[in-house]
4 protein chains.
Amino acid sequence: MAGSTFGTIFKIMTWGESHGAGIGVVIDGCPAGIALDEADIQKYLNRRRPGQNRYTTARAEADAVEILSGVFEGRTTGTPISLLVRNQDQRSRDYGNISKLYRPGHADYAYDMKYGFRDYRGGGRSSGRETIGRVAAGAVAMKLLQELGISVRAYVSAIGPVRIDHSHMDFSLIEESPVRMPDAQASERAAAYLEECMRAQDSCGGVVECVVEHVPAGLGEPVFEKLDANLAKAIMSIGAVKAVEIGDGTRVSETRGSENNDCYASDENGAAYKATNHSGGILGGISDGSPIFVRASFKPTPSIAQPQSMLGQDGSCHEETIRGRHDPIIVARAAVVVEAMTALTLADHLLLAATSRVENLKRLFAK
Amino acid sequence: MAGSTFGTIFKIMTWGESHGAGIGVVIDGCPAGIALDEADIQKYLNRRRPGQNRYTTARAEADAVEILSGVFEGRTTGTPISLLVRNQDQRSRDYGNISKLYRPGHADYAYDMKYGFRDYRGGGRSSGRETIGRVAAGAVAMKLLQELGISVRAYVSAIGPVRIDHSHMDFSLIEESPVRMPDAQASERAAAYLEECMRAQDSCGGVVECVVEHVPAGLGEPVFEKLDANLAKAIMSIGAVKAVEIGDGTRVSETRGSENNDCYASDENGAAYKATNHSGGILGGISDGSPIFVRASFKPTPSIAQPQSMLGQDGSCHEETIRGRHDPIIVARAAVVVEAMTALTLADHLLLAATSRVENLKRLFAK
Amino acid sequence: MAGSTFGTIFKIMTWGESHGAGIGVVIDGCPAGIALDEADIQKYLNRRRPGQNRYTTARAEADAVEILSGVFEGRTTGTPISLLVRNQDQRSRDYGNISKLYRPGHADYAYDMKYGFRDYRGGGRSSGRETIGRVAAGAVAMKLLQELGISVRAYVSAIGPVRIDHSHMDFSLIEESPVRMPDAQASERAAAYLEECMRAQDSCGGVVECVVEHVPAGLGEPVFEKLDANLAKAIMSIGAVKAVEIGDGTRVSETRGSENNDCYASDENGAAYKATNHSGGILGGISDGSPIFVRASFKPTPSIAQPQSMLGQDGSCHEETIRGRHDPIIVARAAVVVEAMTALTLADHLLLAATSRVENLKRLFAK
Amino acid sequence: MAGSTFGTIFKIMTWGESHGAGIGVVIDGCPAGIALDEADIQKYLNRRRPGQNRYTTARAEADAVEILSGVFEGRTTGTPISLLVRNQDQRSRDYGNISKLYRPGHADYAYDMKYGFRDYRGGGRSSGRETIGRVAAGAVAMKLLQELGISVRAYVSAIGPVRIDHSHMDFSLIEESPVRMPDAQASERAAAYLEECMRAQDSCGGVVECVVEHVPAGLGEPVFEKLDANLAKAIMSIGAVKAVEIGDGTRVSETRGSENNDCYASDENGAAYKATNHSGGILGGISDGSPIFVRASFKPTPSIAQPQSMLGQDGSCHEETIRGRHDPIIVARAAVVVEAMTALTLADHLLLAATSRVENLKRLFAK
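Throughout what follows, the structure given in this document is the object of discussion. Think of each chain on its own: its residues are numbered from 1, step by step along the sequence as written. Each chain gets a letter, beginning with A, and each ligand a number, beginning with 1, in the order they are written. pLDDT decides what is reported in this predicted model: residues at 70 or higher carry local features, side-chain atom pairs at 80 or more are listed and counted, and totals for whole chains, interfaces and linings draw on all residues regardless.

**Examining the relation of the copies chain A and chain D**
For clarity, the threshold we go by: To line up the copies, we fit them by least squares on C-alpha atoms, keeping just the residues with pLDDT of at least 70 in both. Once C-beta atoms have been placed from the backbone, residue pairs whose C-beta atoms lie within 7 Å are recorded as contacts.
Of the transformation placing chain A onto chain D, the axial shift is 0.0 Å and the rotation is 180°, giving an RMSD of 0.0 Å. Seen this way, the second copy is the image of the first under a two-fold rotation axis. Residues of chain A ranked by C-alpha distance from the rotation axis are headed by M13(A), positioned 3.7 Å from it. Interface residue correspondence from chain A to chain D reaches 100%, placing this contact among same-surface, isologous pairings.

**Quick notes on the sheet that holds strand β2 (residues 11-16) of chain C**
All names here are of chain C. Applied cut-off: When DSSP finds two or more bridges between a pair of strands, those strands are recorded as paired. Labels follow the DSSP assignment, with helices taken as runs of H or I lasting at least four residues and strands as runs of E lasting at least two, numbered in each case from the N terminus.
If you trace the 5 strands from one edge of the open sheet to the other, you get β1-β2-β3-β7-β4, paired in antiparallel fashion. This sheet does not close on itself; its edge strands, each paired only once, are β1 (5-6) and β4 (65-67). By the bridge criterion, 6 bridges tie β2 to strand β3 (residues 22-28) in an arrangement that is antiparallel. Directly across from M13, in β3, lies its bridge partner V26.

**Overview of the sheet that holds strand β18 (residues 308-312) of chain C**
Residue and element names in this part refer to chain C. Spatially, the 3 strands line up as an open sheet ordered β8-β18-β19, and their pairing is antiparallel. Both edges of this open sheet fall to β8 (101-102) and β19 (317-320), since each of them pairs with a single strand only. Judged from the 2 bridges that link them, β8 and β18 form a sheet pairing that is antiparallel. Bridging from a neighbouring strand, Y102 pairs with L311 of β18.

**Side note on the relation of the copies chain B and chain A**
Superposing chain B onto chain A takes a rotation of 180° combined with a translation of 0.0 Å along the rotation axis, leaving an RMSD of 0.0 Å. A high fraction, 100%, of the interface residues of chain B reappear at the interface in chain A, so the copies pair face to face through one surface.

**Remarks on helix α6 (residues 227-236) of chain B**
Since the α-helix turns once every 3.6 residues, residues separated by three or four places project in the same direction. The condition is simple: Put plainly, a residue is buried at 20 or more neighbouring C-beta atoms within 10 Å of its own, exposed at 12 or fewer, and partly exposed in between, counting only other residues' C-beta atoms, which are placed from the backbone.
For α6(B), a buried count of 10 out of 10 residues is recorded, marking the element as mostly surrounded by other parts of the structure. Within the sequence span of α6(B), burial applies to L227(B), D228(B), A229(B), N230(B), L231(B), A232(B), K233(B), A234(B), I235(B) and M236(B).

**Topic: the environment of I98(C)**
Residue and element names in this part refer to chain C. Among the secondary structure elements, I98 is positioned in helix α2 (residues 96-99). A count of 20 C-beta atoms within 10 Å places I98 in the buried class. As a C-alpha pair, I98 and I322 span 224 residues in sequence and 7.8 Å in three-dimensional space. If we ignore the near neighbours within four places in the chain, the residues touching I98 are R103 and Y120.

If you want it as structure tokens, here you go:
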């Protein structure tokens, strides 16, 4: 089934394996007239690129993007935008033990059960390199959102037991922190914790948060295509995510209605404003104009350097070690992926919401 | 946009407002040959019906379903199944204050911003009665799953601060508990807590868990149509859900890889088995044959009997009370909705997975 | 598979069998704010109703439509519009021979091969009554088109060997003619030809033409979602249609480029205008602002009163006669179905085209 | 809108302009386990390549395809297959007059009205080179069909006034004929007619027919996703097609039911067989196991070397000549495009039909 396709109007199709010729995406349905060049996309790809620091895998890839279609004289034409990133580091190597073993925490077994065989080189399509297509397409969605003044920003709010202090959050620190935490103290503690994990040949989980600002009210469709439902799908589709929360998230289950309802207050001019934002900017699945908050919990990198008990194709149990170097955490590089999926969801919903009223159509088509 | 449509092959379209003629759903894409009658559907609708006990709204509706098409001689024909539940309790009443006010925690403001006006009677399409269409369609999906031996069961695991003890869980208690908790002690404590909330003219949140057993491995599609991504969308699309978790959910962010990976062990015959199920039955977005665990956090019922500060259409602030009686919690009646959305998602993925291998097509079409 | 669903944004799902409880349609994605009541829909249903004259089946059905949802205070709300027509003439009768025979020219055999069994009463889902859902939804699409000044009109241009003279066409005659021909002389000759067919216990084919006027330029999407491609699908999906033509249609294969190209000429003010319209208003799949012409060739009604050689479920040949009275032609009642499918296609493309330029989004969402 | 996407399960997305970096397609949803290499695709591309003979444009392009993903150890993996054909002949040249003029018979004006501007180099996305993506994807669909014994073959049946004699049709002549006519005499007459057109600086139209053999009964979905409806869309989406016919096509409008119905006859063993195939293998939108016949009427190449009256961006009329060499007919190279679109439609319907019965699912998923 066509599982590598995302979106209804702003639709993308991603493709590529970690050890094939390359990774890419085609965007079908991007409106015409948006200024776009390769640098617009490359800056997002650089944020997910491996080899950025000691907490990311050393696999060295430039991940340079080429725009193959859909842009003419510096602007999108409304026709499909094809983006290509060639793989460079495709050393042929011995996958001998992995090709016949199902690694814990990986999709190996599930792929074999589904397809009858699998591309076992580097995880094939379940590789983290698959997210290149998401980030490249997300960069284009971001350009569309920027035309309307909407901003999307993701950061790391927890690594293992280390949590940031939201009251001291400073977004200007995100790209300075090797773990993308907008809190200098937490960032240092997280780095220390990661060193400990690496010494123990282990990995750890974390949390990415994403905030969307200046969203128009009215995005999202009742009943199944709610904005939060689509954000949940978009974020949960990122490998390693096991939970998605909107606004106060899991905490709502412990609150009372009088605490959780976002009541209104009056400003000095008598105008009402939403005094709190427990809902995270979405009510009944539709944006209410407040900032949108999404939170994703990532599991630890499943590839760890210590021996583990794996399932063999023959049905027996094998104690084996996965070779190669792997990121001890996913979240630092995944923040830009969360941003991309959020931007793609919002771009699609913006196009969907454009036709909610017959008045809108009259404004656009009346002569 | 067509937001009331769900599924790719097993596709449903729901319709209806709480104060209109009725609520219904059409199922387009259900395979032929499944035994189906109205009782199969009614038993699920009865579990979400109002008026079951003192913790559910007193609005009395029989919610009797009629099958209008798609069944012949007791079996599904493969063509659309139309299901209708007429509304009975449509007393015309004075919505005066609500029609011009935006209630906190409700979709009122967002709907008006989207459509330019709204059906303010009982919340219109954002009413909880909308879930009748989900539950009716879910009952049909359940019949399909049962043909393949798959079971889906949801229950309440928390109400406010009261959590069940999973080590003492007894599914036979679910329907005996007025709050659908499979733990007699927790159920009693929850009832006491609810009485307290009701005395305080307040409501409270809760958690629904759902377990799917005997799922074949191989359901779910890489990359965006992952089984967990679609479950997340399905569950988050239920009004009042603010978080969706798969397997260990948010807890994974605090664990290490060596703890979170589900390693294998050998049984007495030397056969390997998955020793743990932190992943909740889904790896890389594809079912691995283990039970699937999904968890949904519901916010408190936003309609409470105490005065609240609301936004008026004129932009000013109004202290008002919402009339009528409302459920103090959502979760007890929402469990069957979670079950329905889970069943709909699995039914669709079952049909999608059927064509993953060319061998499957040869088995079905070879002469 | 979900074959009873049509459209991407303006999406409909039809349901119902000729001998079940009723026929209906749900429209999901209609913009809010369109004035709509049952009379708007009933007038189109009346044009396809049986029993209008001696060339239509005597089966007497009022086909009265009920709006079940999606309209509040006389206007569409943006949420699903559910329309229901109850079947009245469901006499139980003996289908004995037909239930075990596959009638020539009907879908009986194909349905049995597909589903393993079928609802043989009156053709089940392949009955002509299925078009009630199309016409009812088409009436809503027509209301949307009217808001933008677009008109859609279909008429019969041929019955068997009788063709209208396009140079004498008078649209005011359509509803006066029992065969819906906009040419009084051709209408009389067609009536005489039909009498001859009926005496011979036979049926005959015909042609429906449809013209769309005042369409904005720019509707239709390159490459696969061309406006003409979607019109072709929409029209070919009507039972009994075997050919769809746009503009000059099949005749283009015999012409030269210099004849077929629509060149421009200058009017007295020096302004250019398209001097001809061989293209039928669509170039490269996109409307060019000229009137759109679509033509559908219908096969003769397959149910005829003379004995025919049929296939039995046992694989042997049976000489049998189909009981009951049937229309000798389809086209007179099918014209409104062609109108409906054309309107549904245009309405969807109108919504799709609204987001082709980023400027459109700025106009709608800029604060 | 996402107009460059085709198919529901076997889904493709094509991209690329004639004067950009290249042309390509991604196939998302192809089943795993099909043997596939570049030669399987190249042989189809070679049949649509320019420069094959004097009736095709001299633009020399090797059109060599590269498989970028989705194939491992010679077999499809079930994940997206990305195919790339680099453009070679991208000479920068002066498009001066064409960039400001709307050519008759071309999509220039419609694109500008839709998007606000266009890539005027070689027609941009409305170029005939767009069909490379269709043909490459069609080759993969053909591999899937071949696994099930289904064959698809297209040929030219008419060029201008020259028609083949179906009673003398010989498929072995198709690739020997420079105009792809399976009738040696007609092929010679067509060549003579083309010479005459070329001398007159003109082009001419033609007809492509396509026959599908050994199709299982039961493909196609009632009501809107009928097999013939989707074939009509697929074929009408090819640039320059103005009519699509199934089986007897437009001729059915002049026949009687007793002539058009395909009755059954008995063979020597008493077994019934369909004595005729006026329906073209599809009844009620579902394949009946007989060969499927589809016919497409192509308009003459709109680019001709004689001066024509064009519309200027300023609204005035301009007498201009289109530079460059162009094919005098489209059909000879378009036959493989019709084949491709037919194969893509059938492949998708094969996957859709696999889940029509619950018995099929039991066969695939029962343990």
